[in-house]
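For reference, the chains in residue letters:
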Amino acid sequence: MSWYNFFETKPKIRHAFGRGINAAIAAHEEELFNKSYEAFEKKEFLDAYEYFFDSLQNFTDETPNNNVILKKDEKELRFELYQGSAKVLGVVTDTTFYAEVVIIKKAQANVALKRYILERNYQLTYANYFSDEQYIKLKIFHDNSTMSPQKIFFPIREIALNADFDKEHIKSEFQDIVLENIEHLQLLGTEELKIKFDFLHQAIDEVELKVATLPSNDNSGMQAFLYLNLFFELDYLLVPKYAISQNMSKLIQEYFGDEDNTIESKNEELKRYVSLLKEMNFDTFSSNFYHAKYTFHLTEKTSFEELSIFISESLMKIRWYKNNRYHQIIPTIYKYIAFYMLYNYGLNPIIKNLLHLLVEIQNPEFFKKLGYTTLWNEQENTFTKRVIIARIEECILPHQKRYKMLKPFGSELNFTSINEFSNSYYLQIKNLNFEEI
């Protein structure tokens, strides 16, 4: 039996989950942003940028993550900004703004990589690649005369996100090339890697067993849910980088973007990569993981209406499968809904935390191995109800000052079974009121 302090409901152990930022924004982020705007209007550029970068700082348990580091004197403001594998270095003066990311040494670039970099230049809006005597770099340069926080946000976001993506891509596609300026990346411990490696094989085995037991007639839709949920699940729970992340992302993008291929052929592509993951040895698997700091979200903010529509449509699909007695796929779809939103949507912190809590409840064995308290006992079909209700309150109560109509919903949930619980949980999320009064 594991003891739990009901007055301390937050997990003491912290791990990163998903591709987003696993941290809280500055408590005075809006105030800092407004101060930045005012300073830009007064042409006080060094102060304006300092306020702006302070607004980008994020926190873990109210401790700054130092994802942005500033050094300021009377003439200039120097900064370091971290986005995964990318370390953005820049300098601001009263007249100019310059930032760059060192990617690789110039001498290492082969013809294929040079062609890739040239093509990337056509895809970027604010940043561009160039080479000096030693390195290939991505840079942005701006005149400060008409600058504002809104104008500088998107160029900085572009250089950070794209430098991180391209470094990951280069590591995945050109294994012999050494990435520069990645000393800030932290390797995972062997114990955590073994937990993730074991989960990979357990998850694959479960999917293969379920696929083998599906009805022989017209099961392509159910296979799609099983394989796609596996990829979303591995992405969120294991948080792979480099080749694993790049390959899964490409397959997911092609699955939803390719309208010419049949579901059956798309399923075969997913199945083929699952087989490659299954054959991957521990050392190769381990080389695809690291811890890093992040400043920007990968996805744009998604409206609550869009989330609500997706939940409604997904629950309708579950009802269809239930009415047609395909009960074996229903638990997978209940997991799929949360993983899909966490992967594809730009979520506000409230929704993101609530969905993470649901993922934690639905995947008790994985979180237990990482050292978290079990919230749902799968064998006994019992829930730690008081803790779940308290965790939901933690997600919602701090935001009630802004959203007066936002209410905790723990007491409204159905704790009869994990399916009933998940269904009621999604309905409660769908009915949240984010009206600002």
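Residues numbered from 1 in each chain as written. Predicted model: local features only at pLDDT ≥ 70, side-chain atom pairs only at ≥ 80, totals over all residues. Heavy atoms only, no water.

Residues and numbers for the pairing of strand 8 (residues 128-131), please.
As paired elements, strand 8 and strand 9 (residues 135-143) share four bridges and run antiparallel to each other. Looking across to strand 9, one finds that Tyr129 is bridged to Leu138. The antiparallel pairing of strand 8 with strand 9 creates a hairpin that spans three residues between the two strands. (Pairing = 2+ DSSP bridges. Helix = DSSP H or I, 4+ residues; strand = E, 2+ residues; numbered from the N terminus.)

Requested: an account of the packing of aromatic side chains, with residues and values cited.
According to the stated counting rule, one finds 44 aromatic pairs in the structure shown. Considering the side-chain rings of Phe17 and Tyr236, the 6.1 Å spacing of their centres and the 25° angle between planes classify their relative orientation as stacked. Of this pair, Phe17 sits in the segment before strand 1 (24-25) while Tyr236 sits in helix 6 (residues 220-238); the two residues are 219 residues apart in sequence, bridging distant segments of the chain. An identical accessibility class is assigned to Phe17 and Tyr236; each is buried. Seen from their ring centres, Phe79 and Phe97 are 5.7 Å apart, and the 15° between their planes marks the pair as stacked. Placement of the pair is Phe79 in strand 5 (residues 77-83) and Phe97 in strand 7 (residues 96-105), with a sequence separation of 18 residues. (Phe/Tyr/Trp six-rings, centres within 6.5 Å; stacked < 30°, edge-to-face > 60°. Buried < 20%, exposed > 50% of the residue type's maximum accessible area, 1.4 Å probe, protein only.)

Explain helix 10 (residues 304-323) residue by residue, including any values.
Relative to the 28 Å expected for 20 residues at 1.5 Å per residue, helix 10 spans 29 Å between its end C-alpha atoms, a close match to the ideal helical length. Among the residues making up helix 10, those that are buried are Leu307, Ser308, Phe310, Ile311, Ser314, Leu315, Ile318 and Tyr321. Summarising the axial view, the buried residues of helix 10 lie within an arc of 160°, below the 170-degree limit, and thus occupy one face. Within helix 10, the exposed residues directed more than 90 degrees away from the buried face are Glu305, Met316 and Asn323. Of the surrounding elements, those touching the buried residues of helix 10 are helix 6, helix 11 (330-344), helix 12 (349-362) and helix 15 (418-430). Within two residues after helix 10, Arg325 carries a phi angle of roughly 65°, on the positive side. (Expected span 1.5 Å × (residues − 1). Arc of directions from axis to C-beta. Contact = heavy atoms within 4.5 Å.)

Tell me what's going on with the layout of surface pockets, and back it up with residues and numbers.
Considering only enclosed or pocket space, the second largest pocket measures out at about 800 Å³ in volume. Forming the boundary of the second largest pocket are 28 residues, of which Arg19, Phe165, Ser249, Leu298 and Tyr343 lie nearest the centre. Within the residue set of the lining of the second largest pocket, elements represented by two or more residues are helix 4 (149-173), helix 7 (242-257) and helix 11. Residue classes in the lining of the second largest pocket are distributed as twelve nonpolar, eight polar and eight charged. (1 Å grid on protein atoms, 1.4 Å probe; cavity = no way out; pocket = protein on both sides within 12 Å on 5 of 7 lines; lining within 4 Å. Points joined across faces, edges and corners; volume = space filled by probe spheres on them. Nonpolar A, V, L, I, M, F, W, Y, C, P; charged D, E, K, R; others polar.)

Can you explain the sheet that holds strand 2 (residues 58-60)? Please cite residues and give values.
As summarised here, the arrangement of the three strands in space is 1-2-3, forming an open sheet in which the pairing is antiparallel. Looking at the sheet topology across the chains shown, the edges are occupied by strand 1 and strand 3 (63-64).

Describe the nonpolar core, listing the residues and the values that go with them.
Within the largest apolar cluster, 90 residues are counted, with the highest numbers of intra-cluster contacts made by Leu354, Phe421, Tyr425 and Tyr426. Broken down by element, this core gets its largest block of residues, 13 residues, from helix 6. Among all residues touching Phe421, those that are not within four sequence positions of it are Leu358, Ile361, Phe383, Ile388, Leu413, Asn414 and Phe415. Counting 48 residues, the second-largest nonpolar core is a separate cluster that includes Phe40, Leu124, Ile136 and Ala160. (Core = buried A, V, L, I, M, F, W, Y, C linked by side-chain atoms within 4.5 Å.)

Can you tell me about the pairing of strand 7, naming the residues and giving the values?
Most of strand 7 is tucked away: seven of the ten residues are buried. When strand 6 (residues 86-92) meets strand 7, the two strands line up antiparallel, connected through four bridges. Bridge pairing in strand 7 links Val91 to Tyr98. Between strand 6 and strand 7, which pair antiparallel in sequence order, lie three residues. With nine bridges joining them, strand 7 and strand 9 adopt antiparallel strand pairing. If you follow Glu100 over to strand 9, its bridge partner there is Lys139.

Please provide a residue-by-residue account of the pattern of salt bridges, values included.
Per the stated rule, a full pass over the model turns up 15 salt bridges. Here Lys278 ties to Glu208 by a salt bridge, and the two come within 2.7 Å at their closest N and O atoms. Within this pair, whereas Lys278 is found in helix 8 (residues 263-279), its partner Glu208 is found in helix 5 (residues 190-212), the two being separated by 70 residues in sequence. Taking the relative accessible area as the measure of exposure, Lys278 reaches 34% and is therefore partly exposed. (Salt bridge = Lys/Arg side-chain N within 4 Å of Asp/Glu carboxyl O.)

Can you explain the sheet that holds strand 4 (residues 68-72)? Please cite residues and give values.
The six strands are arranged 4-5-6-7-9-8 in an open sheet whose pairing can be described as antiparallel. Only two strands of the sheet have a single partner each, and these edge strands are strand 4 and strand 8. Adjacent strand axes in the sheet meet at a mean angle of 25° when their direction is disregarded. Across the sheet, helix 3 (residues 111-123) lies against strand 7, strand 8 and strand 9, angled at about 140° from strand 8, the strand it touches most. Sitting on the sheet, helix 4 touches strand 5, strand 6, strand 7, strand 8 and strand 9, and the angle it makes with strand 7 is about 5°. (Axes fitted to C-alpha atoms, helices over the stretch in contact; angles between N-to-C directions.)

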